Amino acid sequence: MSLALSPSAGGTAPGPDPHSLFRLMRTPAELMIPERLASIQPSRVSASRALMSRAIRGRWTITCTGFDIDERGRGTAGYRIDIGGWRFSFPVFSFEPSNQGRSGRIIGRSWDMMGALVEGDISPADVERTRIELPKLYEGRATPGTLIWCRSNRSQRLFDHALQSLAAGRQPDVAELGQICYLMRNTGLDGNGTFGTKSFLAFEKDHPLRWSLSAQMLCAYMMRVFAQDLLHHLARMASPQAATLAPDLARYLGVGNGSALGLMLFVNNHPRLIDRWLWIREEAIARAKCLVPGPDAAEAATLLRLLDKAILFRRQDRVVYEAITPSDVVAADLAIVREQVERLLARLRQGETVAGHPFADLCASLDGRIHPDAMETLHSLLIELVPDVADALVETLVIDEELTARPEMPVGRLREIIRGQYGWAFGLDLESDTARRYVWYKSVTAEEPRRGPRDEVADAVNLGLDLPRLIVRLDADLAAQDPKQSTARFLLAHPNHRAIVTRVQALAGLPYHSPHADIMSEGFVPAHITRLLNVGIHGIDKTRDFLNRNLRGVLYHGAPTPAELAAGADETWFYPAEPLS
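All figures in this text were calculated on a predicted structure; none of them were measured in a lab.

> Break down the sheet that holds strand 1 (residues 61–69) for me, citing the residues and quoting the values.
Pairing in this open sheet of nine strands is mixed, and the strands run 1-2-3-4-5-6-7-11-10 from one edge to the other. The outermost strands of the open sheet, each flanked by one partner alone, are strand 1 and strand 10 (541–546). Strand-to-strand twist of the sheet, defined as the mean angle between neighbouring strand axes without regard to direction, takes the value 25°. Summarising the sheet, strand 7 (residues 254–259) and strand 11 (residues 550–555) pair through five bridges and their orientation is antiparallel. The residue bridging Gly256 from the neighbouring strand is Val554, located in strand 11. Where helix 21 (residues 526–538) meets the sheet, its contacts fall on strand 7, strand 10 and strand 11, and the angle it forms with strand 11 comes to roughly 10°.

Structure, rendered in structure tokens:
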């Protein structure tokens, strides 16, 4: 795979050569350990932040086209989203909160809000059709041009607190809202052919939402827009003297998100997406490390300013964490990073000679001295020094994930790939009772992925990808074959290996496609992979761990409001300071 995907940006140096970039990117052995993947922090290439970067630069406009909702929260709203020459509609169906059937899980059948992202101006007939079909979910069918169906629920206690405060003419209590930092929580974003929605690979080449996860992230942002509009609407209906959210508080409140074991299966089923996203993040970090600061040391000054934001954000964090590293620990380590960057800035401004790649040396000097979460925060901030490069890399996240076998490949070459890319699997304990304890299955009653002791669900079909055991068994059978024999002839005699052979061949040469882990083992922590998806790839802040498998956090924490997007907002909106009470 080529490293030269985009031109150099920032500093005075010419673009780094591919060999230099490759040396600065981490090896799979370093990066693909679950504990390390879990430490990856939101960055400019995370889906929600990448969407905001484009919305800010493109000055996207979001217009409310209707808001017919009564004092109990029942009714319909509509929005129009203009992105360059493209237009999208976002009809919303609002419901009075009910405890009956209400759940953030797949089994939920009652939601406070349901919406759809549709290409073009939606017709009244399609609005009504969507109103009928959306609540059916798996039995429903989307109208033509629909990209995403979505649904969310209010955080009832905090939404009601904010509503009562605004209706009384005052701002909500920041200490109260700061416990979770959202008014509504996403409970589902479905697209890519689901329910008849448009397949992502069918998006036109100039489609503004063509890159992976962008359509879902736009829906999540619209949930946040609707939540605040609904809050203000209900407050005004309760009192003509109602206040509106202060601008800094409106930015501070994002949209909630919860995820669980299903994301492990997502990682198994989307190896090319995982590899591509990790690759572009590593490349962006490497390109930032290759920067040579100019005489004004602007890059070091920017990094220092961003570190100050991150440190304050962590110190003000009110979330109580269980298994995840507390924010005060990360803040203390970021202060160590700040001292180093401040020294570097002073030396640069005094004209002293520094290393050829001072940011690479900075990271090397801190490796092992600070917590991985702090190091990955530094990596994310470095990406902000090469914004054009990062944005160009995100555009490459258009991925055909079909895996195709190569039946003509000699068995000897197949073994070379296995030994070269899956050596980690041969060093694992795959035979002990603790290593084989768990199985992944789908609940009959809740239709949800679960992980349970094998002896308690003996009849369950294992849905998890038992990658290391599949690899080891395949290699053992390959070892008994003539190295010149074709894969096709091998599979005629061993058809049980067809799926794993196809996966190995199709992913050959991709370094970051699969975590180096035995997900059946008692020692495997599912939340590590959930956190990679939620935090690193989606861009969720303040994730809290429940039972080592579920995570909850907040998207668009600090993001500009629609009015600010249209006017031109600050691209470094993330890590918001807590609003003054």
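> Any chance you could break down the pattern of salt bridges for me, citing the residues and the numbers?
Here the structure, examined in full by the defined rule, presents 40 salt bridges. A salt bridge links Arg74 to Asp70; the shortest N-O distance between them is 2.9 Å. Since its relative accessible area comes to 36%, Arg74 is described here as partly exposed. Glu352 is paired through a salt bridge with Arg347; the nearest N and O atoms lie 3.2 Å apart. Exposure remark for Arg347: the relative accessible area of 36% places this residue in the partly exposed category. Each of Arg44, Arg54, Arg57, Glu384, Asp388, Asp391, Glu395 and Glu571 takes part in a single network of salt bridges with overlapping partners.

> Residues and numbers for the side chain of Arg54, please.
Along the chain, Arg54 falls in helix 4 (residues 47–58). The exposure class assigned to Arg54 is buried, which follows from its relative accessible area of 13%. Polar contacts involving the side chain of Arg54 include one to the main-chain carbonyl oxygen of Ala50, which spans 3.1 Å. For Arg54, the contacting residues outside a window of four places in its chain are Trp60, Trp211, Asp391, Val394 and Glu395.

> So what's going on with the pairing of strand 1? Residues and values would help.
Here eight bridges tie strand 1 to strand 2 (residues 75–83), and the two strands are oriented antiparallel to one another. Considered in strand 2, the bridge of Ile69 is made with Gly75.

> Mind laying out the packing of helix 12 (residues 298–316) against helix 15 (residues 372–383), listing which residues take part and the relevant values?
At a closest axis distance of 10 Å, the pairing of helix 12 and helix 15 adopts a crossing angle of 135°. One way to sum up the angle between helix 12 and helix 15 is to call them oblique. The handedness of the crossing between helix 12 and helix 15 comes out as right-handed. Between helix 12, through Leu303, Leu306, Leu307, Ala310 and Arg314, and helix 15, the contact on the second element is made entirely by Thr377, Leu378, Leu381 and Leu382.

Cut-offs applied
All residue numbers refer to positions counted from 1 along the written sequence of the respective chain. Given that this is a predicted model, residues contribute local features only at a pLDDT of at least 70 and side-chain atom pairs are listed and counted only at 80 or more, while totals for whole chains, interfaces and linings are drawn from all residues. The side-chain values count all of the structure's non-hydrogen atoms but skip hydrogen atoms and water molecules. Two strands pair if DSSP finds at least two bridges between them. Helix and strand definitions here come from DSSP, where helices need a minimum of 4 consecutive H or I residues and strands a minimum of 2 consecutive E residues; each element is numbered from the N-terminal end. Working convention: axes come from line fits to C-alpha atoms, limited for helices to the stretch in contact. Angles between N-to-C directions cover 0 to 180 degrees. By definition, residues are in contact when any of their heavy atoms lie within 4.5 Å. For salt bridges, the criterion is a side-chain nitrogen of Lys or Arg within 4 Å of an Asp or Glu carboxyl oxygen. Note on classification: 1.4 Å probe, protein chains only; a residue is buried when its accessible area is under 20% of the maximum for its type, exposed when over 50%, partly exposed between these limits. N or O atoms within 3.5 Å of each other form a polar contact, as long as, within protein, one can give a hydrogen and the other can take it, and as long as residues adjacent in sequence are counted only when both atoms are side-chain atoms. For classification purposes, angles smaller than 35 degrees are called roughly parallel, those larger than 145 roughly antiparallel, those between 65 and 115 roughly perpendicular, and all remaining angles oblique. Crossing chirality is assigned from the near helix's rotation relative to the far helix, an anticlockwise turn below a right angle marking it left-handed and a clockwise turn marking it right-handed.

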